[in-house]
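Residue-level structure breakdown
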Amino acid sequence: MNILNYINGNFHNPISNEWIDNYNPSNGEVYGQIPNSTKDDVENAYIAAKSAFPIWSKTTLEERSRILIKISELLEANLQRFAEAESKDNGKPISLAKAVDIPRAASNFRFFGNAITQFASESHESVGQNAINYTLRQPIGVVGCISPWNLPLYLFTWKIAPAIAAGNCVVAKPSEVTPMTAYLLGEICNEAGLTKGVLNIVHGLGGSTGQAIVEHPDIKAISFTGGTATGTHIAKVAAPMFKKLSLELGGKNPNIIFADCDYDDMLETTVRSSFANQGQICLCGSRIFVEASIYDKFKIDFVAKVKALKVGHPSEDDTNIGALVSKSHFEKVKSYITNAESEAGKILCGGNEVTLKGYEKGYYLQPTIIEVKSNSCKLNQEEIFGPVVTTMPFETEEEALELANNVKYGLSATLWTNNLKRTMRMSNDLQAGIVWVNTWMMRDLRTPFGGVKASGVGREGGFEALRFFTEAKNVCIKY
Ligand code: NDP
């Protein structure tokens, strides 16, 4: 199936008529083509967005809200179709796409459709000076949204929904590896009655299509989720143009387990926080630190649970671990496993490719646990972004904190303990944008989301996202 660019409410071939193969990672076969868009396609998308802006930015909040909620309802009505498309493009189990990715994409539109009607600005009376200040929150204009392949529609809509709710028009690019659900979203937007040109989707390679969005002088803000190296590059390109930037980047998150935690709950959740979506979630707890007194028991129980996970075809209901997203990513993840021993790592379970009958060219890997001796090894310092976690014991709370923070990233941290004072101390001192205590990936869309250090700049989520996608203008009136 071929994918087309969605510009001004219509579907278009790329101007160059050049195409890129789209692979199904579950069988390693090409199943369609996507546009290899150039600067000219991005320019057309920009022109459509610019033309729609005067109308959309003046559309009432009630009407914007109605359309966003309609998009949400249509996504829910098309759950099966979208989940199948997401799974085919990404390799994730259909059951996961049905339970998480597509419902969350629908929630993004519903949430921001409602949030925009509650988004208030401030006013300040300058007492004794006969003056009043009020702050306008004005949409920026045309904004760019660029998203990765791991949670394709989930993260694409996490950006688009607040951007359009706030009155902006958008030029967006999904990852070239997982373009399908973004393509299908265009149809849904038309059906929901979204004003033509408010959302424009150009498909293509990061280094050309994505780069053209970032380089466009009149696309005034970029919301980007992806790797830290790409984020660094985007920041450099955008800086001379003073673009507003939101960068949600990589993570190498600690999962810190104390002996006083609710053990069974911790074990269940740790399996999920390690291997959900084949470990390809920026929030996965890929470095597991366990209090020494329960370390040996933990290893035995964790390995047993992980060995029981089924690596299988994404379409099978009982599959826990599907295919990795692409051949190049598969090779990258495998290289960390191959080099584990040279870093004094000991593979406790997994470590091998899996060949599925009938899908021999698919990118399947066993969920892998590697015990490490030091936090400074590559396995603990570099983002692997696959079904690979490390374990290591610690003796004291101070040591656990030191291990957790001793990494360039700072996206999220998970803490397992029933000690309230320790919870408060460690939550204050962990270097992360998000701390989960006795849970993982519990998301309330009103809360700020983002990282510190090399995990990014800025916050999305809730009113933070609406603040990012608007400019604050203060008006001072003397009376
Ligand atoms: P990349 O950084 O490679 O790509 C992300 C997006 O940017 C893709 O759409 C990509 O296009 C595009 N892109 C690549 N180069 C450029 C460029 N020069 N200019 C503009 N756009 C460009 O990340 P991945 O897709 O590999 O995603 C995995 C990464 O995303 C991991 O590091 C993960 O931690 C991070 N991530 C962070 C999250 C967070 O919230 N902090 C959430 C989810 C993932 P294309 O794919 O076509 O090359």
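Each chain carries its own residue numbering, running from 1 in the written order of its sequence. Local features in this predicted model are restricted to residues whose pLDDT is 70 or higher, and side-chain atom pairs enter the listing and the counts only when it is 80 or higher, whereas totals over whole chains, interfaces and linings include all residues. Note: side-chain values were computed over all heavy atoms of the structure, leaving out hydrogens and water.

Attention shifts here to the packing of helix α13 (residues 397-405) against helix α14 (residues 420-429). In this description, a line fitted to the C-alpha atoms serves as the axis of each element, helices being fitted only across the stretch in contact, and the angle between N-to-C directions of two axes falls anywhere from 0 to 180 degrees. A helix here means a DSSP run of H or I that spans at least four residues, while a strand means a run of E at least two residues long, and both kinds are numbered starting from the N terminus. Look at α13 against α14: their axes get within 11 Å of each other, and the N-to-C directions meet at 25 degrees. With respect to α14, the axis of α13 lies roughly parallel. Classified by chirality, the crossing of α14 by α13 is right-handed. Contact residues: Glu-397, Ala-400, Leu-401 and Asn-405 in α13; Arg-422, Arg-425, Met-426 and Asp-429 in α14. Each residue receives one of three labels: charged for Asp, Glu, Lys and Arg, nonpolar for Ala, Val, Leu, Ile, Met, Phe, Trp, Tyr, Cys and Pro, and polar for the others, Gly being one of them. Here the contact of α13 with α14 is built from residues that sort into 3 nonpolar, 1 polar and 4 charged. Just so you know how the angles are binned, under 35 degrees is roughly parallel, over 145 roughly antiparallel, 65 to 115 roughly perpendicular, and the rest oblique. Two helices that cross are described as forming a left-handed crossing if the nearer one is turned anticlockwise from the farther one by less than a right angle, and a right-handed crossing if clockwise. The contact criterion used is simple: two residues touch if any of their non-hydrogen atoms lie within 4.5 Å.

When a carboxyl oxygen of Asp or Glu lies within 4 Å of a side-chain nitrogen of Lys or Arg, that pair is called a salt bridge. Applying the stated rule across the entire model yields 18 salt bridges. Here the salt bridges share partners, and the residues they tie into one network are Asp-260, Glu-397, Arg-422 and Arg-425.

The next thing to look at is the domain arrangement of the protein. Interfaces are frequently sized by the accessible area removed from exposure as the parts join. Either an automatic procedure or a domain database provided the assignment from which the domain bounds are taken. If you check the domain split of the protein, you get domain 1 (5-249 + 455-478) and domain 2 (253-444). Here domain 1 and domain 2 have C-alpha centroids that lie 30 Å from each other. If you look at the interface, domain 1 gives 26 residues, while domain 2 gives 29 residues. Two parts lose some accessible area (1.4 Å probe) when they are put together, and adding that loss for both gives the buried area. Together domain 1 and domain 2 conceal approximately 2,100 Å² of surface at their shared face, both sides included; 56% is due to carbon and sulfur atoms.

On to helix α10 (residues 292-307). Between the first and last C-alpha of α10 there are 23 Å, a value that for 16 residues agrees with the 22 Å anticipated at 1.5 Å per step. A bend of about 35 degrees at Phe-298 is the largest found in α10. Among the structural elements, β12 (254-257), α9 (263-275), β13 (287-291), β14 (346-349), β17 (368-371) and β18 (388-394) are those in contact with the buried residues of α10. Expected helix span is computed as 1.5 Å times (number of residues minus one). Given a residue, its bend is the angle between the two axes fitted to the seven residues that end at it and to the seven that start from it.

Turning to the site of the ligand, a few remarks are in order. A cutoff of 4 Å decides nearness: a residue is near a molecule or strand if any of its heavy atoms lies inside that distance of it. As a matter of local geometry, the ligand sits amid 33 residues, with Glu-176, Thr-230, Leu-249, Cys-282 and Glu-383 nearest to it. Contact distances for the ligand include 3.3 Å between an oxygen atom and a backbone N or O atom of Gly-204. Whenever two N or O atoms come within 3.5 Å, that pair is a polar contact, provided that in protein one can donate a hydrogen and the other can accept it, and provided that, for residues adjacent in sequence, both atoms are side-chain atoms. Between the ligand and Gln-211 there is a distance of 3.0 Å, counted from a nitrogen atom to a side-chain nitrogen or oxygen. Accessible surface is estimated by sampling points in the Shrake-Rupley manner with a 1.4 Å probe; for residues, cover comes only from the protein chains shown. Its free accessible area being 900 Å², the ligand has 88% of it covered by the protein chains. Elements with a contribution of two residues or more to the shell around the ligand: α7 (206-215), β10 (221-225) and α8 (228-238). Broken down by element, the shell around the ligand gets its largest block of residues, 5 residues, from α7.

Glycine aside, negative phi is the norm for most residues, and most peptide bonds take the trans geometry. The phi dihedral of Asn-8 is positive, around 55 degrees, even though this residue is not glycine. Exposure is judged per residue with a 1.4 Å probe applied to protein chains only, and the accessible area is read against the type maximum: over 50% gives exposed, under 20% gives buried, and values in between give partly exposed. Look at Asn-8 and you get partly exposed, because its relative accessible area is 33%.

For α7, the complete set of buried residues consists of Thr-209, Gly-210, Gln-211, Ala-212, Ile-213 and Val-214. In this structure, the buried side of α7 is in contact with α1 (39-56), β7 (142-146), β8 (169-173), β10 and α8.

We now examine the sheet that holds strand β6 (residues 131-139). With respect to topology, 3 strands assemble into an open sheet ordered β5-β6-β24, the strand pairing being antiparallel. Pairing within the sheet leaves two strands with one partner each, and these edge strands are β5 (123-126) and β24 (470-478). Geometrically, the sheet is characterised by an average inter-axis angle of 20 degrees between neighbouring strands, direction not taken into account. Pairs of strands are assigned from DSSP output, requiring at least two bridges between the strands. Inspection of the sheet shows β5 paired to β6 by 4 bridges, in the antiparallel sense. Of the residues in β6, the one forming a bridge with His-124 is Asn-133.

Residues grouped as a nonpolar core are buried Ala, Val, Leu, Ile, Met, Phe, Trp, Tyr and Cys residues, joined through side-chain atoms within 4.5 Å. The biggest cluster of nonpolar side chains holds 98 residues, and the ones touching the most others in it are Phe-112, Leu-199 and Leu-283. Shared between two domains, this core takes at least three residues from each, and those domains are domain 1 (5-249 + 455-478) and domain 2 (253-444). With sequence-adjacent residues up to four places away left out, Leu-199 is seen in contact with Tyr-6, Ile-160, Val-170, Ala-172, Leu-185, Cys-189 and Leu-194. The next biggest cluster of nonpolar side chains, apart from the first, holds 28 residues, and it includes Ala-340, Ala-400, Leu-415 and Leu-430.

Turning to the environment of Ile-34, a few remarks are in order. One can find Ile-34 in strand β4 (residues 29-35). Under the relative-accessibility criterion, Ile-34 is labelled buried at 0%. As a C-alpha pair, Ile-34 and Asn-2 span 32 residues in sequence and 6.0 Å in three-dimensional space. In contact with Ile-34, not counting residues within four places along its chain, are Ile-3, Glu-18, Trp-19, Ile-20, Asn-22, Glu-176, Pro-179, His-203 and Gly-204.

All right, on to the sheet that holds β12 then. On the basis of which strands lie adjacent, the open sheet formed by 7 strands has the order β14-β17-β18-β13-β12-β20-β21 and mixed pairing. Edge positions in the sheet fall to β14 and β21 (434-437), since each of these pairs with one other strand and no more. On average, adjacent strands in this sheet sit at an angle of 25 degrees to one another, irrespective of strand direction. Two strands pair when backbone bridges link them, and β12 and strand β20 (residues 412-416) are joined in this way by 3 bridges, in the parallel orientation. Across the sheet, residue Ile-257 finds its bridge partner in β20, namely Trp-416.

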